[in-house]
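Commentary on secondary and tertiary structure
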Amino acid sequence: MTGLMIFLGIFVVIIVWGIMTRNNIVRYFNATKRAWSDVANFERQKVKTLEALEATLAQYTQFEKSTLEKVTELRQQILNLNVNDADISQLQHIEKMSKELIRSLNVVVENYPELKADTLYSKMMDDIQEQNENVGAAITIFNRNVELFNNQIEVFPNNLINTLTLSKKTIRPFKDNLATENFDYKPNF
């Protein structure tokens, strides 16, 4: 009778241990999936910022192109002004162009207060840099979760529980091939 109780006790302990091991494998797998979702989420946020930057730069490009054309035309008119012969009509034309350019600049700045290129562009570049850092951190967390999950399913006797109940395969960690190609040191794994 005592032998049967010991056998049943050992059997129950093995079953409980197997269930706990299986549940840990599932937890690590889910943590890895969540970490990858975070990477994708940060990448999406970066894309949104890049799209906003692209639209803003397109606005600037259009604004700066037309402004540059006006400035270039005004400069050319000034250069064509004959210094030796006072041409009042040409000077009046130049002054009119100058006033129109200043007025259009003021109207654009009033209508588009966000068109303060230096601060807005800098802020967007800072946002992109921050999001790149967030992506890098998320990738680091993802790779750590991959390592924990892969260890969980590869070590003995957990690999037996995985094979019998879940059949999960190892997950490949993120690796930046371009960055690793530029390293002089290569570990001998």
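Residues numbered from 1 in each chain as written. Predicted model: local features only at pLDDT ≥ 70, side-chain atom pairs only at ≥ 80, totals over all residues. Heavy atoms only, no water.

This part covers the overall build of the protein chain. Scanning the protein chain for helices and strands turns up five helices and zero strands. In the protein chain, the order of α-helices and β-strands from amino to carboxyl end is α-α-α-α-α. Residues counted as buried form 22% of the 189 residues belonging to the protein chain. When contacts within the protein chain are restricted to residue pairs at least 6 apart in sequence, long-range pairs at least 24 apart make up 75% of them. (Helix = DSSP H or I, 4+ residues; strand = E, 2+ residues; numbered from the N terminus. Buried < 20%, exposed > 50% of the residue type's maximum accessible area, 1.4 Å probe, protein only. Contact = heavy atoms within 4.5 Å.)

Let us look at the environment of Asn30. Looking at where Asn30 falls in the secondary structure, it is placed in helix 1 (residues 2-80). When its relative accessible area of 38% is taken as the criterion, Asn30 is described as partly exposed. The sequence separation of Asn30 and Phe149 amounts to 119 residues, and the corresponding C-alpha distance is 9.1 Å.

Our next topic: unusual backbone geometry. In this structure, the amide linkage connecting Phe156 to the following residue, Pro157, adopts the cis form with an omega of 5°. Residues other than glycine seldom take positive phi values, yet Ser167 does so here, at roughly 55°. Turning to its location among the elements, Ser167 is positioned in the loop between helix 4 (158-166) and helix 5 (177-181).

For the rest of this paragraph, the subject is the UniProt feature "transmembrane region" (unreviewed entry) in the protein chain. Taking the UniProt record as the reference, the feature "transmembrane region" (unreviewed entry) is found at residues 6-25. Note that residues 6-25 is 100% helix and 0% strand, and that its end C-alpha atoms are spaced 28 Å apart. (UniProt positions renumbered as here; feature names shortened; annotations may be inferred.)

Centre-to-centre distance and the angle between the planes together describe a pair of aromatic rings. Summed over all chains, the structure comprises three aromatic pairs. Look at Phe29 and Phe149: their rings are 5.4 Å apart centre to centre, the planes differ by 55°, and that puts the pair in the tilted class. Separated by 120 residues along the polypeptide, Phe29 in helix 1 and Phe149 in helix 3 (residues 117-154) bring together distant segments of the chain. The exposure class of Phe149 is buried, given its relative accessible area of 0%. One cation-aromatic arrangement involves Lys168 over Phe29; the distance from NZ or CZ to the ring centre is 3.8 Å. (Phe/Tyr/Trp six-rings, centres within 6.5 Å; stacked < 30°, edge-to-face > 60°. Lys NZ or Arg CZ within 6 Å of the ring centre and 35° of its normal.)

Buried within helix 4 we find Asn158, Ile161, Asn162 and Leu166. Buried residues of helix 4, viewed axially, fall in a sector of 100°; they line one side. Exposed and facing more than 90 degrees away from the buried side of helix 4 are Thr163 and Leu164. Positive backbone phi, at 55°, marks Ser167, one or two positions downstream of helix 4. (Arc of directions from axis to C-beta.)

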